[in-house]
Amino acid sequence: MCECVATSQEHAPPKCIFPEQKDTDGVDYRKNLIKVPSCDMHNTEKSTEDEYLMYILPTSIATNNVGINQFLTKVQRAIKRNPGIAFNLSQGAQKVIVHDTEKNSWFEALAIRMDMERVRKVIEMNARAIFFKLHKEKFLGPIKVYTNFSLKLDSTEQNNFQEKIFNMSELLLRSYQLQGENQDVFAYRIARNGDIELIEFTFYGISKALAVLQHD
Ligand SMILES: [Zn+2]
């Protein structure tokens, strides 16, 4: 993502979202994690942003049992060490009623305010890393990021637009296989159509982020 000399290796996506074996009854979710070369500055910057993902993803209701377990173990330990994190996450939180349209059930949940700029930045950095891993070259062009685990409480229009983007991208991605060694934690698909390249991240089986790369 820059022209500096690479001095270290960085995980993409971050190692911290993959459960430690002590938390999984011995199941290894850290098989063949993806690493890319990184300069010192971006390594430090990415690590800081990656940490935000570690809190946000397992906290979401859009997660499988691996994500729930990660929330109950690693995330809880981190909060115990630094209670300010829980305070920051709960700032501006609102009680909401969620309608599960598949099971047609209703339940109470807490809507947490997500720092979208931060999430976009971290997905963008990870998308550049995955691109480099696959194509052995840097992508320095613009990237747009969408997430399906964020909702606007006051704009159905925005939520519908977001759903439309994911439905449209599915048309292009559906003929490509999910990749990744630890798919209960992270899997990805990649497809290109003309100047547009899509990298879709799936975290904990349900939460998706879409990176749209605009080639020249
Ligand atoms: Zn750099």
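Just so you know, these numbers come straight off a predicted model, no measurement behind them.

## Points about a positive patch on the surface
A surface patch of like charges, here positive, comprises Lys15, Lys35, Lys133 and Lys136. Tracing the sequence through the fold places Lys136 in the loop between helix H4 (116-135) and strand S5 (143-147). Residue class for Lys136 comes out exposed when judged on its relative accessible area of 64%.

## Some thoughts on the side chain of Ser60
Of note, Ser60 is situated in the loop between helix H1 (40-59) and helix H2 (65-81). Using a relative accessible area of 15% as the deciding quantity, one classes Ser60 as buried. Within the structure, Ser60 has its side chain in polar contact with the backbone nitrogen of Ala62 (distance 2.9 Å).

## Structural notes on the coordination of the zinc ion
For the zinc ion, the full set of protein donor atoms is Cys2 (SG), Cys39 (SG) and His42 (ND1), and the range of their distances to it is 1.9 to 2.3 Å. When the donors of the zinc ion are listed by position in the chain, the intervening gaps give C-x36-C-x2-H. Within this pair, whereas Cys2 is found in the segment before strand S1 (8-11), its partner His42 is found in helix H1, the two being separated by 40 residues in sequence.

## Concerning unusual backbone geometry
Geometrically, the link from Ala12 to Pro13 is a cis peptide bond, its omega value of -10° lying close to zero. Residue position: Pro13 is located in the loop between S1 and strand S2 (35-38). A positive phi is found at Asn32, a non-glycine position, where the angle reads about 45°. Take Asn32: it is sitting in the loop between S1 and S2. Judged by relative accessible area, which is 59%, Asn32 ranks as exposed. Even without being glycine, Lys136 reaches a positive phi, approximately 55°.

## Focus: the pairing of strand S4 (residues 105-111)
The pairing of strand S3 (residues 94-100) with S4 spans seven bridges and is antiparallel. Bridging across to S4, Gln94 finds its partner in Ala111. Here S3 hands over to S4 after four residues, with Asn104 in that stretch at a positive phi of 45°.

## Focus: the environment of Ile17
Residue placement: Ile17 occurs in the loop between S1 and S2. For the pair Ile17 and Phe186, spaced 169 residues apart in sequence, the C-alpha to C-alpha distance is 8.7 Å. Other than its neighbours up to four places away in sequence, Ile17 contacts Met54, Gln70, Val185, Phe203 and Tyr204.

## Topic: the packing of aromatic side chains
Taken as a whole and judged by the stated rule, the model has six aromatic pairs. Here Phe186 and Phe203 contribute two aromatic rings whose centre-to-centre distance is 5.7 Å and whose plane-to-plane angle is 35°, an arrangement assigned as tilted. Of this pair, Phe186 sits in strand S6 (residues 186-193) while Phe203 sits in strand S7 (residues 196-203), placing them 17 residues apart in sequence. Each member of the pair, Phe186 together with Phe203, is buried. Relative to Phe203, the ring of Phe201 has its centre 5.9 Å away and its plane inclined at 10°; by these criteria the two rings are stacked.

Calculation notes
- Residues numbered from 1 in each chain as written.
- Predicted model: local features only at pLDDT ≥ 70, side-chain atom pairs only at ≥ 80, totals over all residues.
- Heavy atoms only, no water.
- Patch = residues over 30% accessible without salt bridge, like charges linked within 9 Å, V, L, I, M, F, W, Y side chains within 5 Å.
- Areas by Shrake-Rupley, 256 points an atom, 1.4 Å probe, with all protein chains shown as cover.
- Salt bridge = Lys/Arg side-chain N within 4 Å of Asp/Glu carboxyl O.
- Lys, Arg positive; Asp, Glu negative; His and termini not counted.
- Charge placed at Lys NZ, Arg CZ, Asp CG, Glu CD.
- Helix = DSSP H or I, 4+ residues; strand = E, 2+ residues; numbered from the N terminus.
- Buried < 20%, exposed > 50% of the residue type's maximum accessible area, 1.4 Å probe, protein only.
- Polar contact = N/O pair within 3.5 Å; in protein donor to acceptor, adjacent residues only side chain to side chain.
- Donors = N, O, S within 2.8 Å, 3.2 Å for Na, K, Ca; no water.
- Pairing = 2+ DSSP bridges.
- Contact = heavy atoms within 4.5 Å.
- Phe/Tyr/Trp six-rings, centres within 6.5 Å; stacked < 30°, edge-to-face > 60°.

Scope: geometric values only; no functional claims are made or implied.
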